[in-house]
Amino acid sequence: MTENRLIEDNDQGQAVRPPAVATPWQQAQATETFSSPAFTPTLPPLDLDGLGKDFIDPADIEWKRVSPKYLKVRMISRAIWSLIMIALACLPLLFTEVLGWWNMPLWLSVSLAAVMVVWQIWLTIIVRRQVRALGYSERAEHLLTRKGIMFRKVRAVPYGRIQFIDVSSGPVENMVGLSHLDIKTAGGASTVLPGLDRAEAQRLREILTDLSDTKMVGL
């Protein structure tokens, strides 16, 4: 009986097929144990200024407020925009009742103007609270900014991601001696810190520039 023979006869004369030899692929599948790969973390847990937590509680931070003169800037700007918006809302009433160009119902044109007046008055009333809600805090690793009344927003700007800082001021700001910082960070993000005295704006720009250079070298 040769080795190449696939079927052999046993003692009873029955054909017996020799045991099949497993292929290398089948052997690998039989011995392989499927388990989810274990990934090791590449970044340490977020720790803001050594606080040992990954969130910021605004109540635990001593905020620096913007200049009180910034309220005057906001009130002047708000008054200008309010006049523009009320004038636009009164155009249907003008075109319908005075010039006769449109055929809009009187109640609708009057309602549009009245709603706009009430809305602009409300926006003017909350300006004072909006200014009070503005603030910033210089931390060990971040510059924190806050704004908003109903929808509060706290932003952390890492010093190492600051690319450049602009100090600028508009016409109304120049009248009262104020400036604002425009902070550009990596990725195209921008943070504006308004209502700063000129000396404070220059001080912040110098400090943030030095901290940015120091932190970027350490990355």
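Right above here is the structure, for reference.
Below, the structure is looked at part by part. Remember, it's a predicted structure, so these values are computed and weren't measured experimentally. (Residues numbered from 1 in each chain as written. Predicted model: local features only at pLDDT ≥ 70, side-chain atom pairs only at ≥ 80, totals over all residues. Heavy atoms only, no water.)

With that settled, consider the overall build of the chain. Helices and strands together make up the secondary structure of the chain, namely seven helices and nine strands. Partitioning the intrachain contacts of the chain with sequence separation of at least 6 by distance along the chain shows that 48% fall at a separation of at least 24. Accessible surface for the chain amounts to roughly 15,600 Å². Of this, 61% is attributable to carbon and sulfur atoms. (Helix = DSSP H or I, 4+ residues; strand = E, 2+ residues; numbered from the N terminus. Contact = heavy atoms within 4.5 Å. Areas by Shrake-Rupley, 256 points an atom, 1.4 Å probe, with all protein chains shown as cover.)

Moving on to a positive patch on the surface. Together, R128, R129, R132 and R152 give the surface a local cluster of positive charge. Judged by relative accessible area, R129 falls into the exposed class, the value being 53%. (Patch = residues over 30% accessible without salt bridge, like charges linked within 9 Å, V, L, I, M, F, W, Y side chains within 5 Å. Salt bridge = Lys/Arg side-chain N within 4 Å of Asp/Glu carboxyl O. Lys, Arg positive; Asp, Glu negative; His and termini not counted. Charge placed at Lys NZ, Arg CZ, Asp CG, Glu CD. Buried < 20%, exposed > 50% of the residue type's maximum accessible area, 1.4 Å probe, protein only.)

As a further point, take the nonpolar core. A general tendency of soluble globular proteins is for nonpolar side chains to be buried together. Formed by 13 residues in total, the largest nonpolar core has its most connected members in I162, L181, I183, L196 and L208. Among the secondary structure elements, those contributing two or more residues to this core are β7 (162-168), β8 (178-185), β9 (190-197) and α7 (198-218). Excluding its chain neighbours within four sequence positions, the residues that come into contact with L208 are L143, Y159, I162, I165, L181 and I183. Of all hydrophobic cores here, the second largest spans ten residues; its members include Y70, L71, V73 and V172. (Core = buried A, V, L, I, M, F, W, Y, C linked by side-chain atoms within 4.5 Å.)

By secondary structure assignment, the location of R146 is in strand β5 (residues 142-147). According to the relative accessible area criterion, R146 is buried, its value standing at 15%. Looking at R146, its side chain comes within polar contact range of the main-chain oxygen of A133, at 3.1 Å. The residues touching R146, leaving out its near neighbours within four places in the chain, are W63, R65, A133, L134, G135, R152, K153 and V154. (Polar contact = N/O pair within 3.5 Å; in protein donor to acceptor, adjacent residues only side chain to side chain.)

Enumeration over the complete set of coordinates arrives at five salt bridges. Note that K69 and D197 form a salt bridge whose closest N and O atoms lie 3.8 Å from each other. Here D197 lies in strand β9 and K69 lies in the loop between β3 (64-65) and α2 (70-89), a separation of 128 residues in the sequence. The class of D197 is partly exposed, set by a relative accessible area of 34%. Residue D182 is joined to K184 by a salt bridge in which the shortest nitrogen-to-oxygen separation is 3.7 Å. Exposure remark for K184: the relative accessible area of 25% places this residue in the partly exposed category. Each of the salt bridges in this network shares a partner with another, and the network as a whole consists of K64, E138, E200 and R203.

Read these as spatial facts, not as claims about activity.
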